[in-house]
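Here is how the chains run, residue by residue.
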Amino acid sequence: MRDLGAGFHYLLKGQRWVAGHGKQYGFGLLPGLITLVLYAAALVALALWGEDAIAWATPFADDWSSPWQGLFRGFLTAVLFALALFLAVLTFTAVTLLVGQPFYENLSEKVDRDVSPDGTAPESGLPLWRELWISARDSLRILVRAVLWGILLFALGFIPVLGQTAVPVIGLLVTGFFLTEELTGVALQRRRIELHRRLTLLRSRKTLVWGFGAPLAAAFLIPFVAVFLMPGAVAGATLMARDLLGEETEGTPSARPAFEDEAR
């Protein structure tokens, strides 16, 4: 439970950091605004023409009598929109980080310099195109995992009682885990840490990850909130990445990295 509170503390601390650094916060809003416009346009288009798409995809229901045809196609339209919304929440962070790679790299680096005792920050030494390629490749791998989880949870949602109680909570924890992976990836990729090792670090302290990611995932369900929380989420994830790696942070004693404990 201590790690659960620590994860939430990092989320709040990241928001406080950007609140005290207005310039970085302003630049950090731009990628989220661009992504929000793109996603909003896609969801509006789906809302306007989703029913027509379902009718085109289900020609076998053309001869069904009323009200069964309307109920069937209405249900599929609602499912399609719900699935699109779920995927939008899952992928918003990845797409925003990809669009705003230079912005968030700079923000994360400034956080590292600000809290590092010696005022330095790790650098990947890779050209921008290489960093973008790695980020896109890793985001696609995470998206595949997230979609598989989404399909499983969607199926479990039809189970009476369990689907209305436990499944939404599990879905929030799963979404929070993947959000945290994407956000900590900004700082960890700059340290040349590959995806499989990043996942190992996060799995070693799941409650810390859930404390950070689950409240963020819940907040991201509220329209427009994700845009304003993204800069602070990147800052908080950078601070949490330092904790996961056991790096000394100003005012906080260093801890042994989780992957060293596993090796022993």
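Residues numbered from 1 in each chain as written. Predicted model: local features only at pLDDT ≥ 70, side-chain atom pairs only at ≥ 80, totals over all residues. Heavy atoms only, no water.

What follows concerns the overall build of the chain. Across its full length, the chain holds 10 helices and zero strands. Reading the helices (α) and strands (β) of the chain from amino to carboxyl end gives α-α-α-α-α-α-α-α-α-α. Computed over C-alpha atoms, the radius of gyration of the chain comes to 20 Å, within 12% of the 18 Å expected from 2.2 N^0.38 for 264 residues, which places it in the range of a compact globule. Taken along its principal axes, the extent of the C-alpha atoms in the chain is 75 × 35 × 30 Å. For the chain, buried positions account for 42% of its 264 residues. (Helix = DSSP H or I, 4+ residues; strand = E, 2+ residues; numbered from the N terminus. Rg over C-alpha atoms; globule rule 2.2 N^0.38 Å. Buried < 20%, exposed > 50% of the residue type's maximum accessible area, 1.4 Å probe, protein only.)

Leu183, Phe212 and Met230 are the most contacted members of the largest nonpolar core, which has 45 residues in total. Considering each element in turn, this core owes the most residues, 10 residues, to helix H9 (residues 225–245). Discounting chain neighbours no more than four positions away, the residues touching Leu183 are Thr93, Leu97, Phe212, Leu216, Met230, Ala233, Val234 and Ala237. Counting residues in each nonpolar core, the second largest holds six residues, with Ala187, Leu201, Ala241 and Leu245 among its members. (Core = buried A, V, L, I, M, F, W, Y, C linked by side-chain atoms within 4.5 Å. Contact = heavy atoms within 4.5 Å.)

Okay, the packing of aromatic side chains next. If you walk through the whole model with that rule in mind, you get seven aromatic pairs. With a centroid separation of 5.8 Å and 85 degrees between ring planes, the pair formed by Tyr39 and Phe92 is classed as edge-to-face. Of this pair, Tyr39 sits in helix H2 (residues 22–57) while Phe92 is found in helix H3 (residues 68–99), placing the two residues 53 residues apart along the sequence. An aromatic cluster is built from Tyr39, Phe92 and Phe220, whose rings are joined through pairwise contacts. (Phe/Tyr/Trp six-rings, centres within 6.5 Å; stacked < 30°, edge-to-face > 60°.)

Helix length check: H2, at 36 residues, gives a terminal C-alpha distance of 49 Å against a target of 52 Å (1.5 Å per residue), a fit within 8%. Maximal helix bending in H2 amounts to about 55 degrees, located at Trp49. Those residues of H2 that sit buried are Gln24, Gly28, Leu29, Pro31, Gly32, Thr35, Leu36, Tyr39, Gly50 and Ile54. Buried residues belonging to H2 abut helix H1 (2–19), H3, helix H4 (101–115) and H9. (Expected span 1.5 Å × (residues − 1). Bend = angle between axes of the 7 residues up to and from the residue.)

Moving on, we come to the environment of Ala61. Of note, Ala61 is situated in the loop between H2 and H3. Note: C-alpha distance between Ala61 and Arg73 (12 residues apart in sequence) is 8.4 Å. Ignoring anything within four residues of it in the chain, the contact list for Ala61 reads Gln69, Phe72 and Arg73.

So, on to helix H6 (residues 166–190). Since the α-helix advances by 3.6 residues per turn, residues separated by three or four positions end up pointing in the same direction. Look at H6: 37 Å from first C-alpha to last across 25 residues, which is about the 36 Å you get at 1.5 Å a residue. At Thr184, H6 shows its strongest bend, of approximately 40 degrees. Among the 25 residues in H6, 19 count as buried, and that is most of the element. Taken from the residues just after H6, Arg192 is the one with a positive phi, measuring 60 degrees.

Now for the packing of H4 against H9. H9 packs onto H4 with a crossing angle of 50 degrees between their chain directions and a minimal axis gap of 9 Å. In terms of orientation, H4 lies oblique with respect to H9. The crossing of H4 and H9 is right-handed. Contacts between H4 and H9 involve Tyr104, Leu107, Ser108, Val111, Asp112 and Val115 from the first element and Met230, Pro231, Val234, Ala235, Thr238, Leu239 and Arg242 from the second. For the contact of H4 with H9, the class distribution of residues is nine nonpolar, two polar and two charged. (Axes fitted to C-alpha atoms, helices over the stretch in contact; angles between N-to-C directions. Parallel < 35°, antiparallel > 145°, perpendicular 65-115°, else oblique. Left-handed = near helix turned anticlockwise from the far one by under 90°. Nonpolar A, V, L, I, M, F, W, Y, C, P; charged D, E, K, R; others polar.)

Attention now goes to the environment of Ile222. Mapping Ile222 onto the fold places it in the loop between helix H8 (206–220) and H9. On a C-alpha basis, the gap between Ile222 and Val186 in space is 24 Å, while along the polypeptide they are 36 residues apart.

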